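# Analysis of the macromolecular model
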Amino acid sequence: MYYCCLRFMRHPLNNRRYLTLPLLILFVWFGFLAGFWGMMPLSSGVALVIIFAITIWMLIPVAFDTLLCFTNVRRTILIYVFPITCTVFMDVYILANPYGTIDMPGAEIATQLMVLQLLSLFGIPGLIFFTTWISSFMVSVPFLWTSKEKEKNPKIQNRKVHLSLIALFTVGLYFFSGVAMISDPVNSAYNPPANVRLGAVLIDDFENHPADWVNQSFAVSKNAADAGAKIVMWSEWGVLVNTYPGDPLDTTNCTTGYCDLLARSQELAISSNIWFAPCFILEVYETESTNSTWLSSTNRIHIFSPNGTMVLDYTKTYPVWGAEDFITPGDGHISYVDTPYGRIAAVVCADAGYPTLIQQAGRDKVDIMLVPSEDWQSIYRLTTRLMMFRAVENGMVQVRATIRGRSQAVDPRGNLLLDYNFFEYPGSFTCDGTDTCRPIHFILTDIPTNAHRFTLYPWLFDIPTYLCYVVFLFCLIFIAPWEKWKCVISANIHALVKATILETPPAGLLMDNTSD
């Protein structure tokens, strides 16, 4: 996208940049509508406005690049100013986006394993900088090398040589980083001695399930353990249980659904000798009766050790905006538990779309991250690609058990260990008379144990991104020709209005483009 935009806006013969930009906005907006439509759990009108706002925000770097074309700034400098601007605006977009990085453009990069290794160094900002720099470089270099009027100027010739050296150095640095992280010279000890079998139990949406869904969920979990799984996890939104303030949680005499879930989880973990991680919705009522006043709901995951002890309790930090507004968010702290298979942590679904949250796991040297999830038809292809970024950024194995989407397991290098499409499972049936459900079933995958590898990104605390902010503000304050831009726009609008009124073509639109 950025390559096409820059190709139009930087072209020496384009003397009507101020007209080209609105056309680009419409073109990109229609493209985003085709790509994003149906992904947001919002009404059509709200989605249209939000997607248009995203379009404007994504094209501000192009407008700023066009603004700098009215200065004497060399094209060799513009090549780097544009990716810096893109990095800044994309970082603000991620921070302000209620969906995190889930709907971030550029998911196709996830298929390039070598480029993907940049995530372990600089995270998504580094990936954005590199890809937009490629676009900026590919647009500027042909214009510079084919500059005929200054072909004999020694300064231009030297600039071409310098530009080539800078380009070779930058590309070489990035790809050397990719090769280095794949071959792991720094992580020479990274050689997982063994694998552990993990079972993911996929439980369809509880809103439409039969009454014995909880019983079936535990029965299928037992089957996964019998099939050799030493770690068994549930998908998100599969089971709904209730409790009330002051619930004694006496597992020998349960009166609430939450107490019953705890008791049965302990029993399953002990009897099957597994690490068991059920994910569920916990609803709190005023009394033990579900007919009493509802107080709150949380989206949680527990982990039980083989001796029946609950060793981890995590509450979803980022409920999905527009779909889980009734869910109370957690405190954002990611805890972990040490096991014979490595250090295990867990987050829930959309939490994996927030890099700063998952950085805790990278600094804590987590080996395995469990991510119970739920998607929907129009978004699952995008989320599964972007969620795998967290595994590479933090050097850990990530397992995403997803209903109505793709379940994946990814190693610290970004290699797929499991890729399962929930929609391809046979035997779907009509539940609740309206919706289509699939029977509760489990999938198995073997993942490496003690597989954490050191990565730089969790320890940088986004310092390279902050440097991009500093450079962008410097360009905005000291380089951007605001007065000249204002004069050019005013002169061209006056010429167009005069030509329209007099019905005669303008003698020539004013444009001061002194960049070389």
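Every value quoted in this text rests on a predicted model; they were computed, and no experiment measured them. (Residues numbered from 1 in each chain as written. Predicted model: local features only at pLDDT ≥ 70, side-chain atom pairs only at ≥ 80, totals over all residues. Heavy atoms only, no water.)

Time to look at the overall build of the chain. A tally of regular secondary structure across the chain gives 15 helices and 16 strands. Classification of the 516 residues of the chain by burial places 54% in the buried group. Residue pairs in contact within the chain that sit at least 24 positions apart in sequence constitute 70% of those at least 6 positions apart. Accessible area of the chain: about 22,600 Å², with a carbon and sulfur share of 62%. (Helix = DSSP H or I, 4+ residues; strand = E, 2+ residues; numbered from the N terminus. Buried < 20%, exposed > 50% of the residue type's maximum accessible area, 1.4 Å probe, protein only. Contact = heavy atoms within 4.5 Å. Areas by Shrake-Rupley, 256 points an atom, 1.4 Å probe, with all protein chains shown as cover.)

In terms of burial, strand β9 (residues 342–346) is largely enclosed, as 4 of its 5 residues are buried. By the bridge criterion, 4 bridges tie strand β8 (residues 336–339) to β9 in an arrangement that is antiparallel. Bridging from a neighbouring strand, D338 pairs with R343 of β9. Counting the residues between successive antiparallel strands, the hairpin from β8 to β9 contains 2 residues. (Pairing = 2+ DSSP bridges.)

Applying the stated rule across the entire model yields 11 salt bridges. A salt bridge links R404 to D204; the shortest N-O distance between them is 2.9 Å. On the criterion of sequence distance, the pair formed by R404 in the loop between β11 (397–403) and β12 (406–410) and D204 in the loop between β1 (195–202) and α8 (213–226) is long-range, its members being 200 residues apart. Taking relative accessible area as the criterion, D204 reaches 0% and is therefore assigned buried. Between D419 and R406 there is a salt bridge, with the nearest N and O atoms lying 2.9 Å from each other. Here R406 lies in strand β12 and D419 lies in strand β13 (residues 416–421), a separation of 13 residues in the sequence. (Salt bridge = Lys/Arg side-chain N within 4 Å of Asp/Glu carboxyl O.)

To continue, consider the packing of α8 against helix α9 (residues 257–272). Two numbers describe a pair of packed helices, the interaxial angle and the distance between the axes. α9 packs onto α8 with a crossing angle of 15 degrees between their chain directions and a minimal axis gap of 11 Å. By the angle between their directions, the pair α8 and α9 is classed as roughly parallel. With respect to the hand of their crossing, α8 and α9 are arranged in right-handed fashion. Here α8 contributes V214, N215, F218, S221, K222 and A225 to the contact with α9, which in turn contributes L261, R264, S265, L268 and S272. Across the contact of α8 with α9, the residue classes tally to 5 nonpolar, 4 polar and 2 charged. (Axes fitted to C-alpha atoms, helices over the stretch in contact; angles between N-to-C directions. Parallel < 35°, antiparallel > 145°, perpendicular 65-115°, else oblique. Left-handed = near helix turned anticlockwise from the far one by under 90°. Nonpolar A, V, L, I, M, F, W, Y, C, P; charged D, E, K, R; others polar.)

This part takes up the nonpolar core. Taken as a class, soluble globular proteins show a tendency for nonpolar side chains to be buried jointly. Of all hydrophobic cores here, the largest spans 73 residues; its most connected members are W234, F276, M369 and L370. Among the nonpolar cores identified, the runner-up in size contains 29 residues, and I25, Y93, L116 and F389 belong to it. (Core = buried A, V, L, I, M, F, W, Y, C linked by side-chain atoms within 4.5 Å.)

This brings us to the packing of aromatic side chains. Across all of its chains, the model carries 11 aromatic pairs by this definition. Relative to F472, the ring of F89 has its centre 5.4 Å away and its plane inclined at 90 degrees; by these criteria the two rings are edge-to-face. Note that F89 is positioned in helix α4 (residues 75–96) and F472 in helix α14 (residues 463–479), a separation of 383 residues in sequence. Here F89 matches F472 in class, with each residue buried. For the pair F218 and W234, a centre-to-centre distance of 5.1 Å together with 75 degrees between the ring planes defines the contact as edge-to-face. Of this pair, F218 sits in helix α8 while W234 sits in strand β2 (residues 231–234), and the two are 16 residues apart along the sequence. (Phe/Tyr/Trp six-rings, centres within 6.5 Å; stacked < 30°, edge-to-face > 60°.)

Here the focus is the side chain of N242. When you line up the elements, N242 lands in strand β3 (residues 240–243). In this structure the side chain of N242 is engaged in a polar contact, spanning 3.1 Å, whose partner is the backbone nitrogen of G257. Here E288 takes part through its backbone oxygen, which lies 3.4 Å from a polar atom of the side chain of N242. In this structure N242 touches T256, G257, Y258, L282, E283, Y285, E288 and T290, once residues within four positions along its chain are discounted. (Polar contact = N/O pair within 3.5 Å; in protein donor to acceptor, adjacent residues only side chain to side chain.)

This paragraph deals with helix α3 (residues 44–68). Here α3 contains 25 residues, and its C-alpha end-to-end distance of 37 Å stays within 8% of the 36 Å for a straight helix at 1.5 Å per residue. Remark: the principal bend of α3, roughly 35 degrees, maps to I60, with a proline, P61, within the next four residues. (Expected span 1.5 Å × (residues − 1). Bend = angle between axes of the 7 residues up to and from the residue.)

Bringing the confidence of the model for the chain into the picture now. In this model, the chain carries a mean pLDDT of 79, and residues with pLDDT of at least 70 account for 69%. Here residues 185–190 is modelled with pLDDT under 50, and outside its nearest four sequence neighbours on either side it reaches 10 contacts, counting other chains as well. (pLDDT = per-residue confidence, 0-100.)

The residue N421 is located in strand β13 in this model. Relative accessible area serves as the criterion here: at 6%, N421 is assigned to the buried category. Among the polar contacts made by the side chain of N421, one reaches the main-chain amide nitrogen of F423 at a distance of 3.0 Å.

Attention now moves to a nonpolar patch on the surface. A surface patch of nonpolar side chains, about 790 Å² in accessible area, is lined by F122, F454, L456, W459, F461, I463, Y466 and L467. Take the nonpolar patch: its biggest share by element is 3 residues, from α14. Position of F122 among the secondary structure elements: in helix α6 (residues 119–145). (Patch = residues over 30% accessible without salt bridge, like charges linked within 9 Å, V, L, I, M, F, W, Y side chains within 5 Å.)

Another point: the sheet that holds β9. Taking strand neighbours across the sheet as the criterion, the 6 strands line up as β8-β9-β10-β11-β12-β13 in an open arrangement whose pairing is mixed. The open sheet has two edge strands, β8 and β13, and neither has a second partner. Between one strand and the next, the sheet's axes are offset by a mean angle of 15 degrees, whatever the strand orientation. Where β9 lies against strand β10 (residues 368–374), 3 bridges are found, and the strand directions are parallel. Counted as the bridge partner of A346 is L370 from β10.

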